[in-house]
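Observations on the model geometry
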Amino acid sequence: MIISLDTESTGLDLAHGAKPFLITTCDTEGVTRFWEWDVDPLTRQPEIPQEDLCDIAKLIDSVDLIYLHNASFDARGLVTVGIDLPWAK
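Quick caveat, the model's predicted, so the values are computed rather than measured. (Residues numbered from 1 in each chain as written. Predicted model: local features only at pLDDT ≥ 70, side-chain atom pairs only at ≥ 80, totals over all residues. Heavy atoms only, no water.)

If the charged atoms of two oppositely charged side chains come close together, the side chains can form a pair. A full pass over the atoms with the stated rule returns 1 salt bridge. With a closest N to O distance of 3.4 Å, Arg33 and Asp27 form a salt bridge. For Arg33, a relative accessible area of 28% corresponds to the partly exposed category. (Salt bridge = Lys/Arg side-chain N within 4 Å of Asp/Glu carboxyl O. Buried < 20%, exposed > 50% of the residue type's maximum accessible area, 1.4 Å probe, protein only.)

What follows is the structure in structure tokens.
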């Protein structure tokens, strides 16, 4: 299966605290999935349920190929929330 994946984040500086607050995917069957989280306005940190991170990691592990528009940014963003994006995919 092939998916496209995109992230939206709380800022551009992922090395200094910005993190994704929205992750979207779409597969070859036309199924769109998204995970969106509230962001604490004082800390600018998303409140991410562990279950969502597990679901995203399982989806990434299950696919053969992942299309990304800004791959290096999205991969770094996923790492900030504990998800590894294998470059081979």
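Moving on to the pairing of strand 3 (residues 32-36). As paired elements, strand 2 (residues 20-27) and strand 3 share 5 bridges and run antiparallel to each other. When the bridges of strand 3 are listed, Cys26 appears paired with Thr32. Where strand 2 hands over to strand 3, the hairpin turn is made up of 4 residues, of which Gly30 adopts a positive phi near 90 degrees. (Pairing = 2+ DSSP bridges. Helix = DSSP H or I, 4+ residues; strand = E, 2+ residues; numbered from the N terminus.)

Further remarks concern the sheet that holds strand 3. Across the sheet, which stays open at both edges, the 4 strands sit in the order 3-2-1-4 with mixed pairing between neighbours. Two strands close off the open sheet at either side, each with one partner strand: strand 3 and strand 4 (65-67). Put simply, the sheet's adjacent strands are angled 25 degrees from each other on average, direction ignored. Bridge analysis of strand 1 (residues 2-9) against strand 4 gives 3 bridges, and the strand direction is parallel. Looking across to strand 4, one finds that Ser4 is bridged to Tyr67. Of the strands in this sheet, strand 1, strand 2, strand 3 and strand 4 touch helix 1 (residues 50-62), which is tilted by about 145 degrees from strand 3. Sheet contacts for helix 2 (residues 71-80): strand 1 and strand 2; angle to strand 1, the most-contacted strand, approximately 70 degrees. (Axes fitted to C-alpha atoms, helices over the stretch in contact; angles between N-to-C directions. Contact = heavy atoms within 4.5 Å.)

Moving on, we get to helix 1. For helix 1, which comprises 13 residues, the first-to-last C-alpha distance of 18 Å matches the rise-based estimate of 18 Å (1.5 Å per residue) to within 8%. Of the residues making up helix 1, those classed as buried are Asp52, Leu53, Ile56, Leu59 and Ile60. Across the axial projection of helix 1, the buried residues extend over an arc of 125 degrees, all falling on one side. Residues Gln50, Glu51, Lys58 and Asp61 are exposed on helix 1 and point more than 90 degrees away from its buried face. (Expected span 1.5 Å × (residues − 1). Arc of directions from axis to C-beta.)

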